[in-house]
Amino acid sequence: MSAVPHEVVFKHLARYLGPHTARTAIRTFADRALKRTPEQISLQDAPALLLALKPMMRTLIGADECEAVLRDIGRELGL
Amino acid sequence: MRTRALLVIPLVVAVLYLFSQALVPLGPQRLTFYGAEVASVKLLATIGCFVAAARFRRGEYLGVAWALLGADYALLFIKDILFGRAIHVAGLTPEASATWRAMFVICANLSGAIASVMLARAWAVAGIALPGSRTSQRLASMVAVIVAVAIVGNGLWRDLHNLQDTEAVIAIASCLGDVVSFSVIAPILLTALAMRGGALAWPWALLTASYCAWLIYDMCWSFERQWNLAGPTLRTVEEFWRAVACALALAGGVAQAWAIRSASGRSRTATESRSTTS
């Protein structure tokens, strides 16, 4: 069974931001970048969502670690 | 959770302080002890803030904020060991020492105030939402500002009437820096609450606790007349809260570094496990 993109992103973000902010961030940036709800995010949409999340992650955990987290998410999604 | 172990830092520092100060007799020895103790706890806070700043690339928002907070503690530490009343460079006149102290305190407080505002605005820069409605957030900020002014204002008013004294200028600079820092406790606390359950909640929670400890420290200093405590007792209480505040800043800095390291550590582990299996 393939992983649901927004759930994979949530799992990784929640470690840092906590479940509440991780969920809100995904919803906000999915809407802002793709005009979709998290549940509507497909595997093809995932790179755009990750790109939208990047500035937030860079601010909070720094560029190096942000790249590591996004790389992990990408790998898990098979991107 | 390993980060929870950081709570041991302020506890150990508090116990060490209470135990060691009780062993030193009152008088000049106690003053020398305070001189060394205050410098030591500020050094701890400096280390914590720079440990956090080192996890970011140069110029990154939170890295700059942590570095400025570290610079605040570092300048106060340097001031204490070079121009303090108990410990100081040989050959300096008391007037020259006081002038240097004033310069260091002004620069330190400016740095600390900018750092606290940057930390308080991190949620907005990152684009995350704080818990509660806009109205409740504004209300919390207003309460923090009122509490800050109420606590610091009393001592500030006293010092404003004594501007010819260099020590009063130092106190005014410190008070103004504290008003700014305490005013941003609400957004820093709300940031911690927003990220509850995540690794990044810890640095914000520990920073909030550090600012609260500084608030209590200032309260001791500001209401010394009203409390009517004996001088040595008041100093013991003041220094306790200063030590706790600095220890919490150290813990907050380490928590920030650990939160970030958990990302790169996990990433490394994942890469290693992949290369082992391939």
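Structure's up top.
Reading guide: rules and limits
- Residues numbered from 1 in each chain as written.
- Chains lettered and ligands numbered in written order.
- Predicted model: local features only at pLDDT ≥ 70, side-chain atom pairs only at ≥ 80, totals over all residues.
- Heavy atoms only, no water.
- Helix = DSSP H or I, 4+ residues; strand = E, 2+ residues; numbered from the N terminus.
- Rg over C-alpha atoms; globule rule 2.2 N^0.38 Å.
- Buried < 20%, exposed > 50% of the residue type's maximum accessible area, 1.4 Å probe, protein only.
- Areas by Shrake-Rupley, 256 points an atom, 1.4 Å probe, with all protein chains shown as cover.
- Axes fitted to C-alpha atoms, helices over the stretch in contact; angles between N-to-C directions.
- Parallel < 35°, antiparallel > 145°, perpendicular 65-115°, else oblique.
- Left-handed = near helix turned anticlockwise from the far one by under 90°.
- Contact = heavy atoms within 4.5 Å.
- Nonpolar A, V, L, I, M, F, W, Y, C, P; charged D, E, K, R; others polar.
- Disulfide = S-S within 2.5 Å.
- Buried area = accessible area lost by both parts, 1.4 Å probe.
- Salt bridge = Lys/Arg side-chain N within 4 Å of Asp/Glu carboxyl O.
- Polar contact = N/O pair within 3.5 Å; in protein donor to acceptor, adjacent residues only side chain to side chain.
- Core = buried A, V, L, I, M, F, W, Y, C linked by side-chain atoms within 4.5 Å.
- Expected span 1.5 Å × (residues − 1).
- Bend = angle between axes of the 7 residues up to and from the residue.
- Phe/Tyr/Trp six-rings, centres within 6.5 Å; stacked < 30°, edge-to-face > 60°.

A word on the overall build of chain A
If you tally the helices and strands in chain A, you get three helices and zero strands. In sequence order, the secondary structure elements of chain A are arranged as α-α-α. In summary, chain A has a C-alpha radius of gyration of 11 Å against a globular reference of 12 Å for 79 residues, a match within 12%. Along the three orthogonal principal directions, the C-alpha set of chain A runs to about 30 × 25 × 20 Å. A total of 79 residues make up chain A; the buried ones form 53% of that total. Working note: accessible area of chain A is about 3,700 Å², and carbon and sulfur atoms make up 53% of it.

Considering the packing of helix α2 (residues 46-61) of chain A against helix α3 (residues 63-77) of chain A
All names here are of chain A. The contact between α2 and α3 brings their axes to 8 Å, and the two run at 150°. Taken as axis vectors, α2 and α3 run roughly antiparallel relative to one another. As for how α2 packs across α3, the hand of that crossing is right-handed. Judged by residue contacts, Ala46, Leu50, Lys54, Met57, Arg58 and Ile61 of α2 engage Ala63, Glu65, Cys66, Glu67, Val69, Leu70, Ile73, Gly74 and Leu77 from α3. Per-class residue counts for the contact of α2 with α3 are 10 nonpolar, one polar and four charged.

A look at the side chain of Lys79 of chain B
Here Lys79 of chain B lies in helix α3 (residues 61-83). Relative accessible area serves as the criterion here: at 11%, Lys79 of chain B is assigned to the buried category.

So, the state of the cysteines
All names here are of chain B. For the coordinates displayed, the defined rule picks out zero disulfides over all chains. With no disulfide partner, Cys49 has as its closest neighbouring cysteine sulfur the one in Cys246, 9.2 Å distant. Sulfur of Cys107: no disulfide; nearest cysteine sulfur belongs to Cys175 and is 17 Å away.

Some points on the interface of chain A and chain B
With 24 residues of chain A at the contact, the number on the chain B side is 31 residues. Interface area, chain A with chain B, both sides summed: about 2,200 Å², of which 54% is carbon and sulfur. Area buried by chain A at its contact with chain B is led by Tyr16, Thr59 and Leu60 of chain A, which between them contribute 29% of it. Between chain A and chain B we count two salt bridges in total. Salt-bridge contacts for Arg57 of chain B lead to Asp64 of chain A; the nearest nitrogen and oxygen are separated by 2.7 Å. Counting across the chain A and chain B interface gives six residue pairs in polar contact (both at pLDDT 80 or more). Elements supplying a minimum of two residues to the side of chain A that touches chain B: α1 (5-34), α2 and α3 of chain A.

Section: the nonpolar core
Considering soluble globular proteins, one finds that nonpolar side chains tend to be buried as a cluster. Grouped together as the largest cluster of nonpolar side chains are 92 residues, with contacts concentrated most on Met56 and Leu60 of chain A together with Trp66 and Leu119 of chain B. Here the element with the most residues in this core is helix α11 (residues 231-277) of chain B; it accounts for 14 residues. Apart from the residues lying within four places of it in its own chain, the contact partners of Met56 of chain A are Leu13, Leu17, Ala25 and Phe29 of chain A together with Ala126 and Ile128 of chain B. Counting residues in hydrophobic clusters, the runner-up holds six residues, among them Leu76, Ala102, Val105 and Ile170 of chain B.

Brief notes about α1 of chain A
Helical geometry: 3.6 residues make up each α-helical turn, so side chains three or four residues apart lie on a common side. Residues and elements named next belong to chain A. Look at α1: only 14 Å from first C-alpha to last across 30 residues, short of the 44 Å you get at 1.5 Å a residue. At Gly18, α1 shows its maximal bend, which comes to roughly 120°, and the proline Pro19 appears one to four places after that position. One or two steps after α1, the chain reaches Lys35, where phi turns positive at roughly 55°.

Some remarks on the packing of α3 of chain B against helix α9 (residues 201-222) of chain B
The axes of two packed helices give the description: the angle between them and the distance between them. Residues and elements named next belong to chain B. In contact at an axis separation of 15 Å, α3 and α9 are set at 30° when each is read in the N-to-C sense. In terms of orientation, α3 and α9 fall into the roughly parallel class. At the point where α3 passes α9, the crossing takes the left-handed sense. Across the interface between the two elements, Leu62, Trp66, Leu69 and Tyr73 from α3 touch Pro203, Trp204, Leu207, Ser210, Tyr211 and Trp214 from α9.

Quick notes on the packing of aromatic side chains
One pair of aromatic rings is described through two measures. These are the centre distance and the angle between the planes. All names here are of chain B. The full count for this structure, using the stated rule, is eight aromatic pairs over all chains. Each ring, one from Phe83 and one from Phe104, has its centre 5.5 Å from the other, and the planes form 50°; the classification is tilted. With Phe83 in helix α3 and Phe104 in helix α4 (residues 94-120), this pair connects stretches of sequence that are 21 residues apart. Classification of Phe83 by relative accessible area gives buried; the value is 7%. Exposure remark for Phe104: the relative accessible area of 16% places this residue in the buried category.

Structural notes on the pattern of salt bridges
All names here are of chain B. Across all of its chains, the model carries 10 salt bridges over all chains by this definition. We note a salt bridge from Lys42 to Asp80, for which the minimum N-O separation is 2.6 Å. In this pair, Lys42 sits in helix α2 (residues 28-53) while Asp80 sits in helix α3, placing the two residues 38 residues apart along the sequence. Here Glu239 and Arg242 are joined by a salt bridge, their closest N and O atoms 2.8 Å apart. With a gap of three residues between them, Glu239 and Arg242 both fall in helix α11, about one helical turn apart. A single burial state applies to Glu239 and to Arg242, both of which are buried.

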